[in-house]
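Inside the fold
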Amino acid sequence: MVPTTANISVKCLMEGYYSGSGLMAPVLNMQGVSTSLTVADSVTVRLHQAVSPYNEIFMAKVATELAGNASLVIPANLANGNFFISVSHRNSIGVWSSTPVQITNNLLYDFTLSPSNSFGNNVQLVDPLLMRYGLFSGDINQDGIVDGLDYNDWESDANNFGAGFISTDLNGDGVADGLDYNLFEVNNNNFAGVVQP
Ligand SMILES: [Ca+2]
Ligand SMILES: [Ca+2]
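Residues numbered from 1 in each chain as written. Chains lettered and ligands numbered in written order. Predicted model: local features only at pLDDT ≥ 70, side-chain atom pairs only at ≥ 80, totals over all residues.

Some thoughts on the nonpolar core
In terms of nonpolar packing, the biggest core is built from 43 residues, with Cys12 and Met24 touching the most fellow members. Contributing elements (two or more residues each) for this core: strand E1 (6-11), helix H1 (27-30), strand E4 (39-49), strand E6 (69-74), strand E7 (82-88), strand E8 (95-96) and helix H3 (178-189). When residues are assigned to domains, this core turns out to be shared by domain 1 (6-134) and domain 2 (148-188), each giving three or more. Other than its neighbours up to four places away in sequence, Met24 contacts Leu13, Met14, Tyr17, Tyr18, Ser19, Ala40, Leu66 and Gly68. (Core = buried A, V, L, I, M, F, W, Y, C linked by C-beta atoms within 7 Å. Buried ≥ 20, exposed ≤ 12 C-beta atoms within 10 Å, placed from the backbone. Helix = DSSP H or I, 4+ residues; strand = E, 2+ residues; numbered from the N terminus. Domains from an automatic or database assignment. Contact = placed C-beta atoms within 7 Å.)

Encoded structure:
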């Protein structure tokens, strides 16, 4: 059989962007860099080898819809392989799949429905009614943890009335202010950080 590419989707919600009913806000629009009302932001999806040291073998930065779906095409040489899937986002704690996943065409890997889909159950409950889970907000400098370094970035933007496409805008309303700090503080106090194999 001739190998073919695989169209896959991953589904992630970002805690700070969550607006209810299973949806995120159209953050790129609110930050003034997109006219789209159906796109939330972008995420980076990676495939990693299933065995230690879990080397990254594929990466794509793709748009994520309000419901969290991000679609991408996996090259034919990787389709049907078994890989860990990770997702990172510009101001969130990234997640890894709980196990290696076979990359078949039309695969949907959903990080939102159950914490057990994330390695180490490392997601935040964002909707107690619908039981939806999302990526912890607050890793502004993308070093894998939420801590004082992220606070420094937030403080700088907040003091300067930062607005627009800025990672310190944790709730995605277009400005850096105290509402973003509130998101940071909870995850800072809980030592939110990446958990990976
Ligand atoms: Ca950080
Ligand atoms: Ca904000």
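Let us keep going from here.
So, the sheet that holds E6
Pairing in this open sheet of three strands is mixed, and the strands run E6-E1-E10 from one edge to the other. In this open sheet, the two edge strands, each paired with only one partner strand, are E6 and strand E10 (108-110). Strand-to-strand twist across the sheet, computed as the mean angle between neighbouring axes with direction ignored, equals 20°. As defined by bridge partners, E1 adjoins E6 across six bridges and the pair is classed as antiparallel. Within E6, the position partnered with Val10 by the bridge is Ala70. (Pairing = 2+ DSSP bridges. Axes fitted to C-alpha atoms, helices over the stretch in contact; angles between N-to-C directions.)

Quick notes on the pairing of E1
Alternating positions in E1 separate cleanly, Ala6, Ile8 and Val10 being buried on one face and Asn7, Ser9 and Lys11 remaining unburied on the opposite face. Where E1 lies against E10, three bridges are found, and the strand directions are parallel. When the bridges of E10 are listed, Val10 appears paired with Tyr109.

Concerning the domain arrangement of the protein chain
Per the domain assignment, the segments making up the protein chain are domain 1 (6-134) and domain 2 (148-188). Domain 1 and domain 2 are separated by 23 Å when their C-alpha centres are compared. Taken together, the 11 residues of domain 1 in the interface contact 10 residues of domain 2. Residues that form the side of domain 1 that touches domain 2 fall into these classes: five nonpolar, four polar and two charged. (Nonpolar A, V, L, I, M, F, W, Y, C, P; charged D, E, K, R; others polar.)

Observations regarding the pairing of E7
For E7, a buried count of six out of seven residues is recorded, marking the element as mostly surrounded by other parts of the structure. By the bridge criterion, six bridges tie E4 to E7 in an arrangement that is antiparallel. Note that in E7 the partner of Val45 across the bridge is Val87. Two strands pair when backbone bridges link them, and E7 and E8 are joined in this way by two bridges, in the antiparallel orientation. Bridging across to E8, Ser86 finds its partner in Trp96.

A few points about the environment of Gly164
Among the secondary structure elements, Gly164 is positioned in the loop between helix H2 (148-159) and H3. Judged by the 12 C-beta atoms lying within 10 Å of it, Gly164 is exposed. Remark: the alpha-carbon pair of Gly164 and Ala176, spanning 12 residues in sequence, is separated by 8.8 Å. In this structure, Gly164 is in contact with Gln31, Gly32 and Gly174, ignoring residues within four places of it in sequence.

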